[in-house]
There are 2 protein chains.
Amino acid sequence: MLEKYIKAARREVKADLVLKNATYADVFCGKLRKGDIAIVDEKIVGVGEYEGETEIDCSSLTVLPAYIDGHVHIESSQLSPEEFATLIVPRGTTAIIADPHEITNVCGTAGCDYILKASENVPLDVMLQLPSCVPATPFETSGAVLNGKDIAENIPKERYFGLGEFMNYPGVINCDGDVLQKLEAAHSVGKIIDGHAPSVYGCELNAYLCGGISTDHECVTLEEVEEKVSKGMYVHIRHGSSTRNLGNAKALTPANMRRLILCTDDRHAADLKEKGHLDDALRRLVADGLDPVRAVTCATLNVAECYGLKYRGAIAPFWLADLVAVNNLKDFDAKLVIKNGKPVAKDGKPLFDTSKRYLSEGVLNTVKVGEIKAEDFVYKLNGNRVKAMTIEKGGVVTGCETVTVKTENGDVNVKGTDILKLAVVERHKMTGNIGKAFFKGYGFKGGAMGITVAHDSHNIILLGDDNEAMAKAVNALKEIGGGMVIADGETGEIHTVTLDIGGLMSSRDAESLQRDSRALIEKAHSMGVKREYEAFMSLAFLSLAVIPKLKILDTGLFDVEKFGFTDIEA
Amino acid sequence: MLEKYIKAARREVKADLVLKNATYADVFCGKLRKGDIAIVDEKIVGVGEYEGETEIDCSSLTVLPAYIDGHVHIESSQLSPEEFATLIVPRGTTAIIADPHEITNVCGTAGCDYILKASENVPLDVMLQLPSCVPATPFETSGAVLNGKDIAENIPKERYFGLGEFMNYPGVINCDGDVLQKLEAAHSVGKIIDGHAPSVYGCELNAYLCGGISTDHECVTLEEVEEKVSKGMYVHIRHGSSTRNLGNAKALTPANMRRLILCTDDRHAADLKEKGHLDDALRRLVADGLDPVRAVTCATLNVAECYGLKYRGAIAPFWLADLVAVNNLKDFDAKLVIKNGKPVAKDGKPLFDTSKRYLSEGVLNTVKVGEIKAEDFVYKLNGNRVKAMTIEKGGVVTGCETVTVKTENGDVNVKGTDILKLAVVERHKMTGNIGKAFFKGYGFKGGAMGITVAHDSHNIILLGDDNEAMAKAVNALKEIGGGMVIADGETGEIHTVTLDIGGLMSSRDAESLQRDSRALIEKAHSMGVKREYEAFMSLAFLSLAVIPKLKILDTGLFDVEKFGFTDIEA
């Protein structure tokens, strides 16, 4: 094997493929260089002057190492891994550190199995992190539980690249026994542990790091980036749909630049399709003044170093021939993508076929609720002063306001106000749990809307001003096996988009799914959802009890800062 | 285990040891910070404000991660690993990537066994590279041979950290079958391969790299550094005794700085004692204008990253508590060295005992030569125009000059000229081989001097102007079991220093060995060896057939550039 590479490198034989006359990024020296890039099998064998069996003129292109997404939940695209690949590979990404935290919360390790198996036939390397926090908190009902023993049993398996983001930072800091078992299990087999520690500082951060946790993608201030980098963490520059921290790049200095890496975390299909993936992040970072090669380094070599991916993320002899040729370092318009030495996308279109997509029983039929009636959404209160959740525009952080509601006939009537009923209906274990809250400022009126995507336990998030419509919405979601729904209270019509894989992702092709999703989102806006919110996806974070401040779980209203339940009444 | 760290990090319990009020280097951000450094067991658990069971005031000190030598042959110190540790640990080095290439060339893997075993009782982590090129070239007689099959058998063993410097770069570039077997064996178990490719550029360098070789410590120009770094190599900034390339640090830029690492390669005990180890390199680099924290990063984090040493080389929670507290970042005078969380050296003195040193039969009695007589050093020539080797001052590169010698009585008489007889006497297999050459400009007169240290096969290097003295010198080396000798042709006296371990190292303590070595070196200078040369150690490179230009082997005169033997007559 080496012989083949060496002979081609020496020009004794022609290379398989040569990218001729390329300008290419040298991420080791932070420079652009010129030359031919010679490829044999899946390896780059040389840069310089080469001839190939196949030659592609790259004189008008700039060749970069293909991008590596340092942390992503495929599920957030609502697409199967195959269809996800059709959107990101043509943009220049050929490897991802994937944490199937969402589908595992619904389906257990069958979710991991599905993601791996479904990724096998697309030109995208999926390094699968075993989700560490299933459920994310002990306070809610998820579809599966991976306790310390389960993690210890699974993490040694070759299929698991590392341990996924350790969201339960209070558990680490407080030395929860089950948490420590998980961490020790990962260490004992030398696997990397991803972190998640928003606004954790000082000696609490030290304690969290003593769990042996390596990364953080939740930094929102430059001070936070600086402290975390200085304490040895790799910090992600995140470019998701709801959570975008490209501003973290402002913390880059010559001295620390190796420790910052790009990721998308959660990014919707529509954004991937219309704006792009890491290419979009690069475009924005460079527009914002960052040196292009430095930006590219954060999306390539730095990620590879962080995750110990050898011979990846640079253009050099013996390194993996995963490359993207872009029009220039302003647009980052991917003209050609090469994976393992072979062209896999051209002019933004995949050259691979995903019409046959893998499916498994283990991830289907996951909406398990009993009969739901309008009465289930009656709010019985003692007073009329309540805590209402609010949501920050363009983020996932929620706030809390005390408001006055109108009570009548033993229920609350929110019609005609800026307040909505917000409910979480348990959908995994038929517990009948319905968590109830109020939600202020979203704008929706005249019915109900709901979704089976609700980080991280993915119960049904439902909001509305009409008990009847709320019940109809849940029953519709049950019928379609998961997805998004709007029940129009006036017309009685039900509008749905099906997400049959774990209630999170669609087994359909990206294009038709997006068309239908767009229509449903428009319907939501037409019923009043303010344009500053992502009509459905903003809801998906309302039960994420690891992000401040107030969240709603199937088990009740949750105060993240106190890390315990709180009463709905003020 | 984690619980203990986490609780101390949170300040629920006192740390074992706290370095109070330290200024410390943050090598992630390239900054100095202030705070207490808390240690539990062998780990740093926090930086900030801490209390400890033991506290050491560091308010007047600067604490750095302890240094890691990226590439060193312990044998070049002529000391046992234990005594070597007494010199480098108090200077701040607590880990080394050790390539026991020399002793393995003499004793085979018994040499590796010895180095590992002898290192066990000193506070120095020895990552042992399995020597890849034993012998360094197929042209000479060494004490052992490790062929492809031997490497394939040995490299999977846990004791071997990686594959040692691949000096046989022509073998790689020419796809020698045995060479490829070695490289493939190392790859198949995912172990790092160190490089050695002086002045290899362009597509030949590409070919060498396609052997999957990661590092190079032979760069002598900034262009060479730049090309090698740009092609993915880690490049060493070397501070040996004979080979010093601190100038490579001039190639450091903000973009490439992670790829340069410090090493010493070959450093004599006298230099270690008098000038220092990596501390001396740091001192000089900073004096030469390099930012101190950046320099320290090249001796710590960068080395750890290059060799995949996790949680080493920085001061951060969960990282190994290997630290050195220096007086300032100009002198780098090590006041306190901490290894695995415990003080191991103070004010330049070791706090560990090395009076009991390990020895094994496998490395003793290694000078195996038959009877040697004065006639063995008769030079029979056809003409009087000969090639004479020259040596560059302060380096290991040799040159070639054509000179005229005086022939008489069927021998060459060099007495009273600037030319010496230079011979290599085989000492491993009793072959009787004696390679003969001429050596110009060294200055020695009136006898013979010899040494059993001769890279890389370690036959006896002998020079002189007196056949009788040359024979006596060899016989003396045989008698003492290896070492250094001067046979005074006038007085008939024999002066020796014994190197009983493989003929390379002494089983004695560092101090008495150095005293005697110094006396012998002085004797050599008194007999004319120019002060610009290291009287004995400069000789040790005269048979190193992987460094240009002309070398002498036990099998004859060797032209490194043609990579073949050449006639002594011009």
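Remember, it's a predicted structure, so these values are computed and weren't measured experimentally.

*Asks:* Would you mind showing me how to read the overall build of chain A here?
*Replies:* Helix and strand counts for chain A stand at 15 helices and 30 strands. The globule rule puts the C-alpha radius of gyration for 570 residues at 25 Å, and the 24 Å found for chain A is close to it. Per-residue burial for chain A yields a buried fraction of 67% across its 570 residues. The contacts in chain A between residues at least 6 apart in sequence include a share of 69% that link residues at least 24 apart. Accessible area of chain A: about 18600 Å², with a carbon and sulfur share of 47%.

*Asks:* Hey, could you run me through the interface of chain B and chain A in this one?
*Replies:* When the parts come together, some accessible area is lost, and that loss is often what is quoted as the size of the interface. Tallying the contact residues gives 63 residues for chain B and 63 residues for chain A. With both chains or domains summed, chain B and chain A bury close to 4900 Å², and 57% of this area falls on carbon and sulfur atoms. Inspection of the region where chain B meets chain A yields 10 salt bridges. Across the salt bridge formed by A:Arg10 and B:Glu204, the nearest N and O atoms sit 3.6 Å from each other. Looking at the side of chain B that touches chain A, its residues break down into 33 nonpolar, 14 polar and 16 charged.

*Asks:* Sorry if this is basic, but what is going on with the nonpolar core here?
*Replies:* In summary, soluble globular proteins display a tendency toward joint burial of nonpolar side chains. Residues A:Phe438 and B:Phe438 are the most contacted members of the largest nonpolar core, which totals 348 residues. Ranked by the residues each element gives to this core, the list is headed by helix α14 (residues 467–480) of chain A, at seven residues. The next biggest cluster of nonpolar side chains, apart from the first, holds 18 residues, and it includes B:Ile372, B:Phe377, B:Val474 and B:Leu477.

*Asks:* Got a minute to help me understand the sheet that holds strand β13 (residues 260–263) of chain A in this structure?
*Replies:* Paired through their backbone hydrogen bonds, the strands of a sheet run either parallel or antiparallel. Residues and elements named next belong to chain A. An order of β11-β12-β13 is seen for the three strands of this open sheet, with the pairing classed as parallel. Strands at the two margins of the open sheet, each flanked by one partner only, are β11 (215–216) and β13. Inspection of the sheet shows β11 paired to strand β12 (residues 234–238) by two bridges, in the parallel sense. Residue pairing for β12: aspartate 216 is matched across the bridge by valine 235. Strands β11, β12 and β13 of the sheet are contacted by helix α9 (residues 222–230), whose axis makes an angle of about 150 degrees with β12.

*Asks:* Would you explain the packing of aromatic side chains in this entry?
*Replies:* Two measures describe an aromatic ring pair: the distance that separates the ring centres and the angle between the ring planes. Within the structure shown, the criterion is met by 28 aromatic pairs over all chains. With a centroid separation of 5.2 Å and 80 degrees between ring planes, the pair formed by A:Phe28 and A:Trp319 is classed as edge-to-face. Taken together, the positions of A:Phe28 in the loop between β1 (15–26) and β2 (31–40) and A:Trp319 in the loop between α13 (301–306) and β14 (323–326) put the pair 291 residues apart, joining distant regions of the chain. In this structure, A:Phe28 and A:Trp319 share a single accessibility class: buried. Judged by centre distance (5.4 Å) and plane angle (80 degrees), the ring pair of B:Phe139 and B:Phe563 falls under edge-to-face. On the criterion of sequence distance, the pair formed by B:Phe139 in the loop between β8 (125–130) and α5 (148–154) and B:Phe563 in the loop between β29 (556–559) and β30 (564–565) is long-range, its members being 424 residues apart. A connected cluster of aromatic rings, assembled from ring pairs, spans A:Tyr5, A:Phe28, A:Tyr311, A:Phe318 and A:Trp319. Between the NZ or CZ atom of A:Arg259 and the centre of the ring of A:Tyr234, over which it lies, the distance is 3.9 Å. A cation over a ring is seen here: B:Lys43 above B:Phe318, with NZ or CZ 3.8 Å from the ring centre.

*Asks:* Honestly, the sheet that holds strand β23 (residues 434–440) of chain B in this entry has me stumped. Any pointers?
*Replies:* Residues and elements named next belong to chain B. Strand order in the open sheet formed by eight strands is β19-β18-β23-β22-β25-β24-β26-β27, and the pairing between neighbours is mixed. Looking at which strands have only one partner, the edges of the open sheet turn out to be β19 (398–404) and β27 (494–498). Neighbouring strand axes in the sheet, compared pairwise and without regard to direction, differ in orientation by 25 degrees on average. As paired elements, strand β24 (residues 447–451) and strand β25 (residues 460–464) share four bridges and run antiparallel to each other. What sits directly across from isoleucine 451, in β25, is isoleucine 461. With respect to the sheet, helix α14 (residues 467–480) is in contact with β22 (419–425), β24, β25, β26 (483–488) and β27, its orientation differing from that of β26 by roughly 145 degrees.

*Asks:* How do you make sense of the side chain of A:Lys20 when you look at a structure like this?
*Replies:* Residues and elements named next belong to chain A. With respect to the helices and strands, lysine 20 occurs in strand β1. A polar atom in the side chain of lysine 20 sits 2.9 Å from the backbone oxygen of tyrosine 50. When neighbours within four sequence positions are excluded, lysine 20 is seen to be in contact with Gly35, Asp36, Tyr50, Glu55, Ile56, Asp57, Cys58 and Ser59.

*Asks:* Explain the confidence of the model for chain A here, please?
*Replies:* Here chain A shows a mean pLDDT of 96. Residues at 70 or above account for 100%. Model confidence for the complex: the whole-complex pTM is 0.93, and ipTM, which rates the interface, is 0.92.

*Asks:* Sorry if this is basic, but what is going on with the relation of the copies chain B and chain A here?
*Replies:* Two chain copies, one operation linking them: a rotation about an axis together with a shift along it. Once turned by 180 degrees and shifted 0.1 Å along the axis, chain B lies on chain A with an RMSD of 0.1 Å. Taken together, these values place the two copies in the relation of a two-fold axis. Looking at the rotation axis and the C-alpha trace of chain B, the residue lying nearest is B:Pro254, at 2.5 Å. Mapped onto chain A, 100% of the interface residues of chain B again fall at the interface, so both copies present the same surface.

*Asks:* Just checking my understanding: could you explain unusual backbone geometry for this structure?
*Replies:* Trans is the common state for peptide bonds, and a negative phi is the common state for residues other than glycine. In this chain, A:His455 is followed by A:Asp456 through a cis amide linkage whose omega measures 0 degrees. Within the fold, A:Asp456 resides in the loop between β24 (447–451) and β25 (460–464). Cis geometry marks the peptide bond from B:Pro548 to B:Lys549; its omega dihedral reads 15 degrees. Following the sequence through the fold, B:Lys549 ends up in the loop between α15 (510–526) and β28 (550–553). One non-glycine residue, A:Tyr311, lies in the positive phi region at around 55 degrees.

*Asks:* Any chance you could explain the packing of helix α7 (residues 177–188) of chain A against helix α1 (residues 2–9) of chain B here in plain terms?
*Replies:* Taken N-terminus to C-terminus, the directions of α7(A) and α1(B) make an angle of 115 degrees; their axes are 10 Å apart at the nearest point. Residues A:Leu180, A:Leu183, A:Glu184 and A:His187 of α7(A) form the contact with α1(B), whose own contacting residues are B:Leu2, B:Glu3 and B:Ile6. For the contact of α7(A) with α1(B), the per-class residue count stands at four nonpolar, one polar and two charged.

*Asks:* How do you make sense of helix α15 (residues 510–526) of chain A when you look at a structure like this?
*Replies:* For an α-helix the count is 3.6 residues per turn, leaving residues at separations of three or four pointing the same way. Residues and elements named next belong to chain A. The terminal C-alpha atoms of α15 lie 24 Å apart, and with 17 residues this matches the ideal 24 Å at 1.5 Å per residue to within 8%. Along α15, the positions that sit buried rather than exposed are Ala510, Ser512, Leu513, Gln514, Ser517, Leu520, Lys523, Ala524 and His525. Packed against the buried residues of α15 are α2 (81–88), α10 (269–274), β24, β26 (483–488) and β27 (494–498). Glycine 528 lies just past α15 and shows a positive phi near 110 degrees.

Definitions and cut-offs
- Residues numbered from 1 in each chain as written.
- Chains lettered and ligands numbered in written order.
- Predicted model: local features only at pLDDT ≥ 70, side-chain atom pairs only at ≥ 80, totals over all residues.
- Heavy atoms only, no water.
- Helix = DSSP H or I, 4+ residues; strand = E, 2+ residues; numbered from the N terminus.
- Rg over C-alpha atoms; globule rule 2.2 N^0.38 Å.
- Buried < 20%, exposed > 50% of the residue type's maximum accessible area, 1.4 Å probe, protein only.
- Contact = heavy atoms within 4.5 Å.
- Areas by Shrake-Rupley, 256 points an atom, 1.4 Å probe, with all protein chains shown as cover.
- Buried area = accessible area lost by both parts, 1.4 Å probe.
- Salt bridge = Lys/Arg side-chain N within 4 Å of Asp/Glu carboxyl O.
- Nonpolar A, V, L, I, M, F, W, Y, C, P; charged D, E, K, R; others polar.
- Core = buried A, V, L, I, M, F, W, Y, C linked by side-chain atoms within 4.5 Å.
- Pairing = 2+ DSSP bridges.
- Axes fitted to C-alpha atoms, helices over the stretch in contact; angles between N-to-C directions.
- Phe/Tyr/Trp six-rings, centres within 6.5 Å; stacked < 30°, edge-to-face > 60°.
- Lys NZ or Arg CZ within 6 Å of the ring centre and 35° of its normal.
- Polar contact = N/O pair within 3.5 Å; in protein donor to acceptor, adjacent residues only side chain to side chain.
- pLDDT = per-residue confidence, 0-100.
- Least-squares fit on C-alpha atoms with pLDDT ≥ 70 in both.
- Expected span 1.5 Å × (residues − 1).

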